[in-house]
Amino acid sequence: MSFTWRYLVRPDGDFCRIGNLDGSLDDVSDEELARLHPSDPEEEQPARHCSRCGGELLLHWHGPIMTGVWMELCPACDEHRPAARAFIRWYRDADRDAKALPQLFEDWETETMHAHGWARAPQLAPPESPAPPPGLTPRGRG
């Protein structure tokens, strides 16, 4: 089983991340994905303020499951961090490239979680299946 993310970027820079289990959304176009996951103004969170400086955040996001970390993207506090700075520039750019978001988000998440004392585990290759025992023949269909 594999798990990846699909990102849906709206024209205003708002985006959502949708789980893509075993590639189930690989053949879904961005337009179809937008219809499946419409933006609901009533679901929008009120503006949050930076816990460090009190300024307005561009983005607040929950960290990886079970970490209890809320990640904040603050233009004033995070301008010195390379991944955050790149994400801030992307977010403010009206001509943003939606294809760049997955890598920008992952880099920002890694950088932010590292600042909280977490490190991303290396992605291990799945183990190879053992060879079938010699002399056994699979059953045919009757």
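Look up: the structure comes first, before these words.
Just so it is clear, the structure is predicted and the values come from calculations on it, not from any experiment.

## Some details on the overall build of the chain
Piece 1. Tallying secondary structure elements over the chain gives four helices and four strands in all.
Piece 2. Of the regular secondary structure in the chain, the N- to C-terminal order runs β-β-α-β-β-α-α-α.
Piece 3. In the chain, which comprises 142 residues, the share counted as buried stands at 30%.
Piece 4. The long-range share in the chain, meaning contacts at least 24 apart out of those at least 6 apart in sequence, stands at 39%.
Piece 5. Carbon and sulfur atoms make up 55% of the accessible area of the chain, which totals about 10600 Å².

## Notes on the packing of aromatic side chains
Piece 1. All told, the structure shown has five aromatic pairs when counted by the stated rule.
Piece 2. Ring plane angle 65° and centroid distance 5.0 Å describe the contact between W61 and F105, whose orientation is recorded as edge-to-face. On the criterion of sequence distance, the pair formed by W61 in strand β3 (residues 59–62) and F105 in helix α4 (residues 101–115) is long-range, its members being 44 residues apart. Just as W61 is buried, F105 falls in that class too.
Piece 3. Judged by centre distance (5.6 Å) and plane angle (65°), the ring pair of F105 and W108 falls under edge-to-face. Of the two residues, F105 and W108 are both situated in helix α4; the distance of three residues between them amounts to about one turn of the helix.
Piece 4. Seen from the ring of W90, R96 lies directly overhead, with NZ or CZ sitting 5.6 Å from the centre.

## Things to note about the packing of helix α3 (residues 82–92) against α4
The description of two helices packed together rests on the angle between their axes and the distance between the axes.
Piece 1. α4 packs onto α3 with a crossing angle of 145° between their chain directions and a minimal axis gap of 8 Å. In the packing of α3 onto α4, the handedness of the crossing is left-handed. On the side of α3, the interface is formed by P82, A83, A84, A86, F87 and W90, while α4 contributes L101, L104, F105, D107, W108 and E111.
Piece 2. Among the residues forming the contact of α3 with α4, the class breakdown is 10 nonpolar, no polar and two charged.

## Thoughts on the pattern of salt bridges
Piece 1. Applying the stated rule across the entire model yields four salt bridges.
Piece 2. Between R52 and E72 there is a salt bridge, with the nearest N and O atoms lying 3.8 Å from each other. Of the two residues, R52 is situated in the loop between α1 (30–36) and β3 and E72 in strand β4 (residues 70–73); the sequence distance between them amounts to 20 residues.
Piece 3. With a relative accessible area of 44%, R52 lands in the partly exposed category.
Piece 4. A salt bridge links R81 to D78; its shortest N-O distance comes to 2.9 Å. With respect to burial, R81 and D78 carry one shared label: buried.
Piece 5. One connected set of salt bridges, linked through shared partners, spans R52, E72, D78, R81 and E111.

Each value, and the rule that gives it
- Residues numbered from 1 in each chain as written.
- Predicted model: local features only at pLDDT ≥ 70, side-chain atom pairs only at ≥ 80, totals over all residues.
- Heavy atoms only, no water.
- Helix = DSSP H or I, 4+ residues; strand = E, 2+ residues; numbered from the N terminus.
- Buried < 20%, exposed > 50% of the residue type's maximum accessible area, 1.4 Å probe, protein only.
- Contact = heavy atoms within 4.5 Å.
- Areas by Shrake-Rupley, 256 points an atom, 1.4 Å probe, with all protein chains shown as cover.
- Phe/Tyr/Trp six-rings, centres within 6.5 Å; stacked < 30°, edge-to-face > 60°.
- Lys NZ or Arg CZ within 6 Å of the ring centre and 35° of its normal.
- Axes fitted to C-alpha atoms, helices over the stretch in contact; angles between N-to-C directions.
- Left-handed = near helix turned anticlockwise from the far one by under 90°.
- Nonpolar A, V, L, I, M, F, W, Y, C, P; charged D, E, K, R; others polar.
- Salt bridge = Lys/Arg side-chain N within 4 Å of Asp/Glu carboxyl O.

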